[in-house]
Amino acid sequence: MANMSFIEQYNNLFSLIEKAGNDTDMTNLYPTIKKFVTDYESVDKTATDRIYTKFADKMQGMLEENDFVYQRMNNKVEEIRNRQYDFVGETDTTQAVQSKVLQLMAELPKTKTTSNANQIINKLNATIATGVIGSKAVLELLKYPAYIDMITETVKQHAFAGSKTPAQQAFDNLKDSELNEATKALTSVYMQGFHLRKLNEKVTKSKTIMAW
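Residues numbered from 1 in each chain as written. Predicted model: local features only at pLDDT ≥ 70, side-chain atom pairs only at ≥ 80, totals over all residues. Heavy atoms only, no water.

K.L.:
What's the story with the overall build of the chain in this structure? I'm lost.
P.N.:
The number of helices and strands found in the chain is 9 helices and 0 strands. Taken from the N to the C terminus, the helices and strands of the chain come in the order α-α-α-α-α-α-α-α-α. For 212 residues, the compact-globule estimate of 2.2 N^0.38 gives 17 Å, and the C-alpha radius of gyration of the chain, at 32 Å, exceeds that figure by more than 25%. With the principal axes as the frame, the chain shows a C-alpha extent of 95 × 40 × 30 Å. (Helix = DSSP H or I, 4+ residues; strand = E, 2+ residues; numbered from the N terminus. Rg over C-alpha atoms; globule rule 2.2 N^0.38 Å.)

K.L.:
Can you walk me through the side chain of Thr-93 in this structure?
P.N.:
Mapped onto the elements, Thr-93 comes out in the loop between α3 (45-81) and α4 (94-107). In contact with Thr-93, other than residues within four places in its own chain, are Ile-133 and Lys-136. (Contact = heavy atoms within 4.5 Å.)

K.L.:
What exactly am I supposed to notice about the layout of surface pockets here?
P.N.:
Over the atoms rolls a probe the size of a water molecule, and in doing so it shows where empty space is left. The calculated volume of the largest pocket comes to roughly 160 Å³. Forming the walls of the largest pocket are Ala-20, Gly-21, Asn-22, Asp-23, Met-62, Glu-65, Asn-66, Val-69, Val-189, Gln-192 and Leu-196. Listed by contribution, the elements that provide at least two residues to the lining of the largest pocket are α3 and α9 (166-203). The element best represented in the lining of the largest pocket is α3, accounting for 4 residues. (1 Å grid on protein atoms, 1.4 Å probe; cavity = no way out; pocket = protein on both sides within 12 Å on 5 of 7 lines; lining within 4 Å. Points joined across faces, edges and corners; volume = space filled by probe spheres on them.)

K.L.:
Just to check I follow, could you spell out the nonpolar core for this structure?
P.N.:
Side chains that are nonpolar tend, in soluble globular proteins, to be buried together. If you look at the biggest cluster of nonpolar residues, it comprises 23 residues, and the most contacted ones within it are Met-26, Ile-33, Phe-36, Ile-51, Phe-55, Met-59 and Val-203. Among the secondary structure elements, those contributing two or more residues to this core are α1 (6-19), α2 (23-40), α3 and α9. Counting residues in each nonpolar core, the second largest holds 16 residues, with Val-101, Met-150, Ile-151 and Val-155 among its members. (Core = buried A, V, L, I, M, F, W, Y, C linked by side-chain atoms within 4.5 Å. Buried < 20%, exposed > 50% of the residue type's maximum accessible area, 1.4 Å probe, protein only.)

K.L.:
What exactly am I supposed to notice about the pattern of salt bridges here?
P.N.:
Here the idea is simple: oppositely charged side chains can pair when their charged atoms come close. Summed over all chains, the structure comprises 12 salt bridges. Between Glu-78 and Arg-81 there is a salt bridge, and its shortest N-O distance comes to 2.5 Å. Taken together, the positions of Glu-78 and Arg-81, both in helix α3 and 3 residues apart, correspond to about one turn of that helix. Glu-78 gets classed as partly exposed once you look at its relative accessible area, which sits at 32%. Linked through salt bridges whose partners overlap, the residues forming this network are Lys-76, Glu-79, Arg-83 and Glu-178. (Salt bridge = Lys/Arg side-chain N within 4 Å of Asp/Glu carboxyl O.)

K.L.:
Help me out: how do you make sense of the side chain of Lys-164 in this one?
P.N.:
Tracing the chain through its elements places Lys-164 in the loop between α8 (153-162) and α9. Looking at Lys-164, its side chain comes within polar contact range of the side chain of Asp-172, at 2.5 Å. Residues within four places of Lys-164 in sequence aside, it is in contact with Val-132, Gln-169 and Asp-172. (Polar contact = N/O pair within 3.5 Å; in protein donor to acceptor, adjacent residues only side chain to side chain.)

K.L.:
In this structure, what is going on with the packing of α1 against α3? I would like to understand it.
P.N.:
Any two packed helices are characterised by how steeply their axes cross, that is the angle between the axes, and by the distance between the axes. Between α1 and α3, whose axes approach to 10 Å, the crossing angle comes to 10°. In terms of their interaxial angle, α1 and α3 are classed as roughly parallel. In this structure, α1 contributes Phe-6, Tyr-10, Leu-13, Phe-14, Ile-17 and Glu-18 to the contact, and α3 contributes Ala-47, Arg-50, Ile-51, Lys-54, Phe-55 and Lys-58. (Axes fitted to C-alpha atoms, helices over the stretch in contact; angles between N-to-C directions. Parallel < 35°, antiparallel > 145°, perpendicular 65-115°, else oblique.)

Okay, here's the thing in structure tokens:
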């Protein structure tokens with residue numbers, strides 16, 4: 001802008017402010033706006049006031065829009081996170097699970113010792129490997145104090161994963177995918193707002209242009 005006249009610089013800046021569409025545009029534009037105001041404030045205060053006001057108003061508009069978008073997207077993330085699988089239509093496995101639990105109780109030792117620890121783990125893993133019913137049965141054992149210390153965290157995780165039907169797994173995979181994308185988008189909007197707020201602090205340190 002060094003070779004432009006005052007009017008050309010003014011018009012160019014006015015146009016650039018109008019075209020600015022994100023935090024990067026505003027951040028890149030700020031030093032030029034600041035220099036223009038510093039250089040010409042004593043020459044034409046009305047013009048520099050207009051540029052300052054135009055830039056500040058644009059900033060406020062972007063901040064308000066960013067806040068609106070962030071709130072909407074945050075609500076979307078929460079909606080996805082709280083989405084629950086609908087078990088309507090699923091086969092009732094209660095009886096089959098209870099039968100497997102009783103079978104496990106009969107086959108597992110009464111207490112866990114150093115000598116039978118591996119035997120217990122192998123038995124539980126074999127039960128989980130049988131499918132959904134076996135996995136649910138292992139999880140049911142957690143309700144009985146005598147068996148809690150037999151089920152390691154790893155076994156518990158395997159049982160939890162194995163307790164889900166293909167339909168549940170598909171639901172969880174879709175949910176995780178949507179949540180991941182929505183969270184990424186939310187983070188991007190948050191960072192845009194963060195940069196805008198930091199820039200706005202510079203612009204609004206003082207209400208007078210001379211404070212720039």
